[in-house]
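# Structural description and commentary
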Amino acid sequence: MPLAAAAAAAACPTPIGLPRPSCRASAHPRRRHRFRLEASSSASTPAPAPATADEGPGAGPCPVVRFDMADFTVADRVSVGLHGRSDEMIFEATVRDPSSELYGSTVVLRQLTSSQAKRRGRRALEVLKKLARRQMMYHSYAMQVHGYVTPSKAMEEGDGPLVLVHGYHGSYSLRHWLQLSDWLPTLEATLALDEEQVRRVGDDSIGGPAVTRQLRLIRILMRDLLIGVNYLHSHGMAHTELRLENVHVSPVDKHVKVGILGNAVDFQDSDPSNSTVTSNNERRKMMIAFDMRCVGFIMAKMVLRELMDPSTFLKFKSFLNKGNDPSCLREFLVPVLSQNSPSGNIGLQMLDRNWGAGWNLLALLLATKSDKRISCIDALRHPFLCGPKWRISPTVNVLRWGLGSTAVRLAEDYIYGHPQRRRLAHFIELMEVLNPNSRTENWLHLLPGRWCLLYSTGKHIGLTFRQPIPRVLITDAFLTFAQAPEFVDPVLSLTSEIGFKIMPESDWPHDKSGTEGNLLVTTSARITSGRIYTNTEDMKGSRITPSSYLRGKWGKSSNMKQLPASLPAANINVDEDEVDVSMSCGSTLNVNSAGKVLQEVRTQTPPEMFDLSKIVCGTYIDSRLMILRGVNGSALLFIRSNRMSDS
């Protein structure tokens, strides 16, 4: 709607304060008066006041200039990528005053009509003055505001529109760039990717497969965006309006520029009664966290192009708005984005690279709690935004995330080979050593929810080379922890839910349809603190078999010179006297057939999922992964399930 209005305005008689478009400059230059202006926030004084330049490195005269409309040649068309609101009209123009420093350059005239729009315009002029100390940084990473058009008498009385004059950085916003069919080579050509640009993100080459090309380009765009946002934050301001439509790529200096800072706010509280250090710090953290969440949305849309579709992005935002942890985004998005993906899942491949570092950065940018969101400086040091030539020492949290992500991807491959099984068992052991939530209180907080069984070191899940009768296919196995209504902490109700299909015996290798069924095992469990032992001499009283930890290159990543004799665990004491087992099926089965189906389900699933009393303790848990140990020492790897959030 705003773009259509702007285009229509360019073709129709010009609105208030703008002359008719002309095709050439005047042959008789006129004298004009140039003023240095200082912005004023008073609503009763619409026109800004004279501005002064701050002293300091990179400082210069603050270029907030008052223009006359006769100084411009207004174009007869408007590029749709400039973006405008319903209370704004956008015009492209060329400066035709020979005495102006901008002579011959293209600018954008933004006519603001409503009181709110005019407030944004005046605020943009204020921000320009406050950031004048480091104008070079401001011009590099933000859209430059040159000044405003001399207000008419109606404007001085507060009734007319305010016309801003700001820089022209191409016809497209970042959203329009990404919507082009050939966006990747076009953006690469616009940014003129050379060896210097490659060094900016630590890559080793310019070319490469599609995933590497896109990842390098996204690193450049994200790093530029973060540098610009950090520049604002370091000067006591927050942008508050970061989105793809407000981000532009300049072909002149090859930088990403955020839009006009019309909604930028100060960290300092304007209310004198609340001007305390504590309130200002809280205000600062809240505003920075809001900007970082917006940066997270921009990154998600750039990497996962499917999110450019409004319906898909609505599911994405709904997942977050329902309070789900962003660290579980992969489990939620993979089935959503795998359906008719136009990008060939390149975005998922980018986020999965380098031990799933992209998912980690996305989770930190979109963290539910504002105090948990990553800062611009830390984001610039994140492994996802640093190429292979930059040797970034990963933190323990990133190392822990990488272990879990690698284990999940290995389990998804569904490989039966012994080398893969040994690697998975080793990753699980390493995760147990690096368990971030060893206290029982943390388990009581993180356990409630639905967990999907991903892998078991003791038994393969599903069909093997056997050809049993009946043919039963295991679909999903879930373990649900919930607060038991008749008890108080630390007692939880525990439900094992195993879904299966009874396939036709004749064509079961090709026809996976069949009668669906469900097996439920319900009981209650008490969570207490405990330990598992890693040394043979400390095995007395332990029901867990010892195993070796920290081998090979993974051992070099840990600062531990000697393994502890024991590791903290959460004991899970199941009430064996109150176990309820039930099975339902979509078709009628006689007693003999039902018994065979039940036996086949038990054969294909780990015994701990059918007999919950065989679960002894939990050795690892975070917001997305959980490891439980059985009585025979086998480990069960679970991933948190949020599929119900999609409904």
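Just above, that's the structure.
Residues numbered from 1 in each chain as written. Predicted model: local features only at pLDDT ≥ 70, side-chain atom pairs only at ≥ 80, totals over all residues. Heavy atoms only, no water.

## A short note on the overall build of the chain
Heads up, the rule is: The helix count covers DSSP runs of H or I at least four residues long, the strand count covers runs of E at least two residues long, and both are numbered beginning at the N terminus. For the exposure calls, accessible area comes from a 1.4 Å probe over protein chains only, and a residue counts as buried if that area is under 20% of its type's maximum, exposed if over 50%, partly exposed in between. Any two residues whose heavy atoms approach within 4.5 Å at even a single point are treated as in contact. In these tables, accessible area is a Shrake-Rupley quantity obtained with a 1.4 Å probe, and a residue counts as shielded only by the protein chains included in the view.
Assigned secondary structure in the chain consists of 19 helices and 19 strands. Looking at the chain as a whole, 51% of its 647 residues are labelled buried. Expressed as a percentage of contacts within the chain between residues at least 6 apart in sequence, the contacts between residues at least 24 apart total 72%. Per element, the accessible surface of the chain, about 30,100 Å² overall, is 52% carbon and sulfur.

## A closer look at the packing of helix α14 (residues 396–412) against helix α15 (residues 418–433)
The condition is simple: Fitted lines through C-alpha atoms serve as axes, helices being fitted only where they are in contact, and the angles separating the N-to-C directions of these axes extend from 0 to 180 degrees. Reported orientations rely on four angle classes, namely roughly parallel under 35 degrees, roughly antiparallel over 145, roughly perpendicular from 65 to 115, and oblique for the rest. Crossing chirality is assigned from the near helix's rotation relative to the far helix, an anticlockwise turn below a right angle marking it left-handed and a clockwise turn marking it right-handed. Residue polarity follows a fixed list, in which Ala, Val, Leu, Ile, Met, Phe, Trp, Tyr, Cys and Pro are nonpolar, Asp, Glu, Lys and Arg are charged, and the others, Gly among them, are polar.
At a closest axis distance of 10 Å, the pairing of α14 and α15 adopts a crossing angle of 150°. Viewed along their axes, α14 and α15 adopt a mutual orientation that is roughly antiparallel. Between α14 and α15 lies a crossing whose hand is left-handed. Of the residues in α15, those in contact with L403, G404, T406, A407, L410 and A411 of α14 are R423, L424, F427, L430 and M431. A per-class count over the contact of α14 with α15 returns eight nonpolar, two polar and one charged.

## Focus: the packing of aromatic side chains
Here is the rule we go by: Working definition: rings of Phe, Tyr and Trp (its six-membered ring) pair if their centres are within 6.5 Å, and the pair is stacked with planes under 30 degrees apart, edge-to-face with planes over 60 apart, and tilted otherwise.
Within the structure shown, the criterion is met by five aromatic pairs. Ring geometry for F297 and F313: centres 5.7 Å apart, planes at 75°, overall edge-to-face. Taken together, the residues F297 in helix α9 (residues 277–303) and F313 in helix α10 (residues 310–321) connect sequence positions 16 residues apart. Exposure class is identical for F297 and F313. Each is buried. Each residue in the set F297, F313 and F316 is aromatic and connected to the rest through ring pairs, giving one cluster.

## Considering unusual backbone geometry
Look at K254: it is not a glycine, yet its phi comes out positive at around 60°. Position of K254 among the secondary structure elements: in the loop between β8 (247–249) and β9 (256–258). Overall, the relative accessible area of 21% leaves K254 in the partly exposed class. One non-glycine residue with positive phi stands out, namely N354, at about 55°. Mapped onto the secondary structure, N354 falls in helix α12 (residues 346–365).

## Thoughts on the packing of α12 against α14
Orientation of α12 relative to α14, taken along the N-to-C sense of each, is 120°, at an axis distance of 8 Å. On the basis of their axis angle, the class for α12 and α14 is oblique. Crossing hand, α12 versus α14: right-handed. Judged by residue contacts, D352, W355, G356, W359, N360 and A363 of α12 engage V398, L399, W401, G402, S405, T406 and R409 from α14. Residue composition of the contact of α12 with α14, grouped by class: six nonpolar, five polar and two charged.

## Remarks on the pattern of salt bridges
It is possible for side chains bearing opposite charge to pair when their charged atoms get close. Just so we agree on the cut-off: Criterion for a salt bridge: a side-chain nitrogen of Lys or Arg within 4 Å of a carboxyl oxygen of Asp or Glu.
All chains considered together, the criterion is met by eleven salt bridges. For E441, the salt bridge is made with R439, and the minimal N-O distance between the two is 3.7 Å. Under the relative-accessibility criterion, E441 is labelled partly exposed at 48%. Among the charged side chains, a network of salt bridges with common partners joins R175, E241, R243 and E245.

## Focus on the nonpolar core
Selection rule: What is meant by a nonpolar core is a set of buried Ala, Val, Leu, Ile, Met, Phe, Trp, Tyr and Cys residues, joined one to another through side-chain atoms within 4.5 Å.
Counting 75 residues, the largest nonpolar core has L174, L221, L226, M299, F316 and L329 as the members making the most contacts within it. If you tally residues by element for this core, the top one is helix α8 (residues 210–234), at twelve residues. When neighbours within four sequence positions are excluded, F316 is seen to be in contact with F297, A300, L307, L329, L333 and L366. One finds L446, L492, F610 and F638 within the second-largest nonpolar core, a separate group that totals 34 residues.

## Digging into helix α6 (residues 183–191)
The condition is simple: Note: the arc covers the axis-to-C-beta directions of the helix.
Along α6, the residues that are buried comprise W183, L184, L187, E188, T190 and L191. Along the axis of α6, the buried residues cluster in a sector spanning 160°; they form a single face. Two residues or fewer past α6, A192 is found with a positive phi of approximately 50°.

## Details of the environment of L598
Inspection of the secondary structure assignment puts L598 in helix α18 (residues 591–604). The partly exposed category is assigned to L598, whose relative accessible area is 28%. The spacing of L598 and V472 is 126 residues in sequence and 9.6 Å in space, taken between C-alpha atoms. If we ignore the near neighbours within four places in the chain, the residues touching L598 are L519, M583 and F610.

## Observations concerning the sheet that holds strand β6 (residues 162–167)
The cut-off we apply is this: Any two strands are treated as partners once DSSP identifies two or more bridges connecting them.
Here six strands make up an open sheet; going across it, the order is β1-β5-β6-β4-β3-β2 and the pairing mixed. Of all the strands in the sheet, just β1 (65–67) and β2 (72–74) have a single pairing partner and so form its edges. Sheet twist, expressed as the mean angle between neighbouring strand axes with direction ignored, is 35°. Where strand β3 (residues 88–95) meets strand β4 (residues 106–112), seven bridges bridge the pair, whose relative direction is antiparallel. Looking at β4, one finds that E88 is bridged to L112. The sheet strands contacting helix α2 (residues 115–130) are β3, β4, β5 (145–149) and β6, and the helix crosses β6 at an angle near 45°.

Function cannot be inferred from these measures alone, as they are strictly geometric.
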